[in-house]
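Here are the chains, one letter per residue:
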Amino acid sequence: MSSTALALTVLATLLASTILTPLLAQLRLSRYAHFPAILGFAIASVLSLFMLRDVFLLGPAGTTPGLSLDLSGTYPFFDLNLKESPTVWFHAGLLKVTFSLAIDPLSAIMLATVTFVATWIAVFSSGYMHGEDGYTRFFTIMCLFVFCMCLLVLADNFFLLLAGWEGVGLCSYLLVGYYYAKPSAAAAARKAFLVTRLGDVGFVLGIFLLWSAGGYHTDLSAIFAHIQQHSASHGTLTAACLLLFCGAVGKSAQLPLYVWLPDAMEGPTPVSALIHAATMVTAGVYLLARCAPLFVQVPYVQIYICATGGLTAIFAAFIALTQTDLKRILAYSTVSQLGYMFMALGTVGAITPSIAVAAAIFHLFTHAFFKALLFLGSGSVMHAMGGVIDIRKFSGLRKLMPVTHITFLIGCAALAGLPLLSGFWSKDQILDSLHHAGEHSLHYRVLYEGVFLVALLTAGLTAFYTFRAYFLTFWGEERIPEEAGHHAHESPRVMRVPLIVLAVGAVIVGLAVESFTRHGFSKFLATTPAIQMANKTYEREHNVRSQSSPHFNWKVAGMGTTAALLGLAAAFALYRRGEMVAVPAILKPAHGLSLNKGYVDEIFQGIIVKPAEIAATGTRQFDGLLDSLARFVAFIPRLFAAFLRPLQNGLVQFYALGMVLGLAVFAFFIVFKVSR
Amino acid sequence: MISVWHFLSVAAVLFALGLIGFLTRRNLITMFLSAELMIQGVVLNLLAFARFHANLSGQAFGLFVIAVAACEAGLAMALIIAMYRRTKSLDSSVWQNLRETGVPATIDPDALIQPPLELADDPKLPAAGKKPQEVAGV
């Protein structure tokens, strides 16, 4: 099969599982609701690996062929024909939206990551969610989510991408609100939906701006080519890029719209692992990576992206330092790591775009493994502790849950970026990009150097809070909360196997594809047409040759590792007994600020939610005023009718009399007036 | 010589009698009979004019009306029986609950005091004469 056919089969398989799962509930087979999901994800995963191989061997696929359906009156009544140009979804005036797919290294890597991680998370969920109400609902939405995510990743058309983008948003809303009877979960779901919607408004505006600036094309590749040839005005391009970035900020939880992500942890843990760590939240990163040919032309937007990423990374890491909810720590670390990816994307244009994008996507790739692993590990802990996830309430679980302990440790080490683990290679590449940008950027060297220092500091903080969570959970004397009862135990095999698989992934993926002098991942990714285009623009504008691959910088790697080791050592010194430690007086204000999440929720409450509520109350009152006016107008006819109503008294004779009298008047008129 | 005026006056009398009966009586069956009377008055008009103009269209129309009246009688009786079965009464004022909401019910200030009678499933007209006396020993 060609790579396009493989991609289409992946989408069809996932759609089929989405439809099949609820049917099982109808057949009273809810217990087996995980089968279509796991099977569908596994098939999709294998197919996307084949697609990855095809793309690797044969290069990106060309335009997507379309299907045309010809209906006729004679047998066989319809005829499917393959066309050269993609199938049109809809078109109205100048807007023409087609089903065109981008089959290139970037989408192939994303597709393989998404489906692979999703498969193991689905296996884990079949154990974790066992016996929950709405088991079928859970797997149906999971299938729909993976389908939408794959659509998002594969789309080469802005509107198709938007369809996937909104689809994953919807699934996220449904899954965060999975325990919809719980008020906090319902509120979190609403918050997640509304906050991301804020970013999406910008995204849609950006799409339309690009549509009008890009020769009324909707295909990404066509827009890029058009803007390349007829250079658009700088103002338009800046606005479009900022609007796209606005969408990415909402989806990928960057400052100031990150507030929904920590609350989204109200959903079941596998959902946090799949949607709010490994896949959906990286959609913004993916979008910016795919639009690199646009972003490379607007260096000052890049500065803004880089700074946003840096601020988000350090701020989220700062908050994570003192949180006590294991899942929230991981959520803030996700926000922080996404910040890292945006830092790397912010260097597109300051350094060779292919290298900056590769750094971001590579971090996305490794992050998907170790963050999914960490979330599943925390889910395993939560499962054993009877739903308790507060790290103050338990400790010393390493003997009780050996497999979870080892895999969680691997995840922590990868997240902290300890040498040779996957997180190390990707974090190092990002640091390297920033360092490089600090040396080679044309105008903003100081800023890039500042962001580089922020990234280093964040690396230290990351190691500290990660290992703080690890020590508090697994070290010290064994304490188990009451909720766990007497049956606190290691998780069943169906939950252990995904942990082990992902842990192996977290250890080896970095080493396998991107270690020291081998840069297979970066080189492969650089063959993506969009990124090639960005490279060409970079070469033209900077009048240099683009670098073919990153080179391992011992100095930067050393600095990153030192920061991580310092953080690890601090965590070991403070928390190795598995107990919380008192905060020295001098750090109290900072500690409070971090514990209260920087008061960002309160600030939002004050400057956005409250005024909105006041405005809503005012509008409601005004609406009431209008309503009463309308009711008054409607009252006047009723008032007159009150005089006439007694005539309708229900007596047949009375009506007959009325008719007779009327007839009499009529007859009188005819006889004495008309006939004269 | 009987002129058209004679016919017309009989028709007018019939119609007036029917009208008065319809307006004054509350028994559904009697009201229906009165309505029939009015119809026949009108039909008589048609026949009179047919004779006066010496063509048959009026006659044909009269026959037609009689046929329709027969159908209508069947329908009306079926309705009356159905209504009786619901209320056990032939009084048309019992059905005044189809009036406009909020309008008070009309109450007859000096209603007839009806002797309690054994209510049959279907309405029966009052007996046409005296009930035959029972003869002892038979």
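Residues numbered from 1 in each chain as written. Chains lettered and ligands numbered in written order. Predicted model: local features only at pLDDT ≥ 70, side-chain atom pairs only at ≥ 80, totals over all residues.

Engineer: An account of the overall build of chain B is needed here, citing residue identities and associated values.
Structural biologist: Of regular secondary structure, chain B possesses three helices and zero strands. When its helices and strands are written in sequence order, chain B yields α-α-α. Across chain B, the fraction of contacts at a sequence separation of at least 24, relative to all contacts at a separation of at least 6, is 53%. (Helix = DSSP H or I, 4+ residues; strand = E, 2+ residues; numbered from the N terminus. Contact = placed C-beta atoms within 7 Å.)

Engineer: Would you mind going over the overall build of chain A in detail, with residue names and values included?
Structural biologist: The secondary structure content of chain A amounts to 25 helices and four strands. In terms of overall dimensions, chain A has a C-alpha envelope of 120 × 65 × 55 Å along the principal axes. Long-range pairs, those at least 24 residues apart, make up 81% of the contacts in chain A with a sequence separation of at least 6.

Engineer: Before we move on, could you go through the pairing of strand S2 (residues 78-83) of chain A and cite the residues and values that matter?
Structural biologist: Residues and elements named next belong to chain A. Burial analysis of S2 places just zero of its six residues in the buried class, which makes it a mostly uncovered element. Pairing of strand S1 (residues 66-71) with S2, which is carried by six bridges, proceeds in the antiparallel orientation. The residue of S2 that forms the bridge with Gly-66 is Lys-83. A loop of six residues connects S1 with S2, the two strands running antiparallel in sequence, and Phe-77 in this loop sits at a positive phi of about 70°. (Buried ≥ 20, exposed ≤ 12 C-beta atoms within 10 Å, placed from the backbone. Pairing = 2+ DSSP bridges.)

Engineer: Please provide a residue-by-residue account of the interface of chain B and chain A, values included.
Structural biologist: In this assembly, 13 residues from chain B lie in contact with 11 residues from chain A. Residues belonging to the side of chain B that touches chain A are distributed by class as follows: five nonpolar, six polar and two charged. (Nonpolar A, V, L, I, M, F, W, Y, C, P; charged D, E, K, R; others polar.)

Engineer: Help me get a handle on the packing of helix H11 (residues 283-290) of chain A against helix H14 (residues 326-345) of chain A, residues and values and all.
Structural biologist: Residue and element names in this part refer to chain A. The contact between H11 and H14 brings their axes to 10 Å, and the two run at 5°. Considered as vectors, H11 and H14 are oriented roughly parallel to each other. Side by side, H11 and H14 meet where Val-285, Leu-288 and Ala-289 of the first sit next to Leu-338, Met-341, Phe-342 and Leu-345 of the second. Along the lines of polarity and charge, the residues of the contact of H11 with H14 split into seven nonpolar, no polar and no charged. (Axes fitted to C-alpha atoms, helices over the stretch in contact; angles between N-to-C directions. Parallel < 35°, antiparallel > 145°, perpendicular 65-115°, else oblique.)

Engineer: Residue-level account of the environment of Gly485(A), with values.
Structural biologist: Here Gly485(A) lies in the loop between helix H18 (445-474) and helix H19 (493-513). In sequence terms Gly485(A) and Ala384(A) are 101 residues apart; their C-alpha atoms lie 9.5 Å from each other.

Engineer: Could you give an account of the nonpolar core, with specific residues and numbers?
Structural biologist: All names here are of chain A. In terms of nonpolar packing, the biggest core is built from 224 residues, with Leu-345 and Ala-372 touching the most fellow members. Of all the elements, helix H15 (residues 353-384) adds the most residues to this core, at 20 residues. When neighbours within four sequence positions are excluded, Ala-372 is seen to be in contact with Val-117, Ile-121, Ala-273, Leu-274, Ala-277, Ala-278 and Leu-502. (Core = buried A, V, L, I, M, F, W, Y, C linked by C-beta atoms within 7 Å.)

Engineer: Account for the confidence of the model for chain B, naming residues and giving values.
Structural biologist: Averaged over all residues, the pLDDT of chain B equals 84, while 83% of them reach at least 70. Across chain B, the element-wise mean pLDDT spans from 91 in helix H3 (residues 57-87) of chain B up to 93 in helix H1 (residues 4-24) of chain B. (pLDDT = per-residue confidence, 0-100.)

Engineer: Requested: an account of helix H22 (residues 554-575) of chain A, with residues and values cited.
Structural biologist: Residue pairs spaced three or four apart in an α-helix point in one direction, given the helix's 3.6 residues per turn. If you check H22(A), its first and last C-alpha atoms are 31 Å apart, about what 22 residues at 1.5 Å a residue would give, namely 32 Å. Considering only its buried residues, H22(A) is in contact with helix H16 (402-416), helix H17 (422-440) and H18 of chain A. (Expected span 1.5 Å × (residues − 1).)

Engineer: Run through unusual backbone geometry, naming residues and quoting values.
Structural biologist: Residues and elements named next belong to chain A. Here the amide bond leading from Leu-255 into Pro-256 is cis, since omega sits at 0°, within 30 degrees of zero. Secondary-structure assignment places Pro-256 in the loop between helix H8 (234-251) and helix H9 (260-263). Phi angles above zero are rare outside glycine, and Leu-420 is one such case at about 75°. Tracing the backbone through its elements, the reader meets Leu-420 in the loop between H16 and H17. Phi is positive for Lys-597, close to 55°, though the residue is something other than glycine.

Engineer: Can you break down the environment of Leu94(A) residue by residue, with the values?
Structural biologist: Residues and elements named next belong to chain A. Inspection of the secondary structure puts Leu-94 in the loop between strand S3 (88-92) and strand S4 (95-98). C-beta crowding within 10 Å serves as the criterion here: with 11 such atoms nearby, Leu-94 is assigned to the exposed category. Taking the C-alpha atoms as reference points, Leu-94 and Tyr-216, separated by 122 residues in sequence, lie 6.5 Å from one another.

Engineer: Give a description of the packing of H16(A) against H18(A) that names residues and reports values.
Structural biologist: All names here are of chain A. With their axes 8 Å apart at the nearest point, H16 and H18 run at an angle of 170° to one another. By the angle between their directions, the pair H16 and H18 is classed as roughly antiparallel. The element H16 and its partner H18 pack so that their crossing is left-handed. Counted together, His-405, Phe-408, Leu-409, Cys-412, Leu-415 and Ala-416 of H16 and Thr-462, Ala-463, Thr-466, Phe-467, Tyr-470 and Phe-474 of H18 form the full contact between these two elements. For the contact of H16 with H18, the class distribution of residues is nine nonpolar, three polar and no charged. (Left-handed = near helix turned anticlockwise from the far one by under 90°.)

Engineer: Provide a residue-level description of the environment of Lys399(A), including the pertinent values.
Structural biologist: Positionally, Lys399(A) belongs in the loop between H15 and H16. Linking Lys399(A) and Glu490(A), residues 91 residues apart in sequence, is a C-alpha distance of 9.4 Å.

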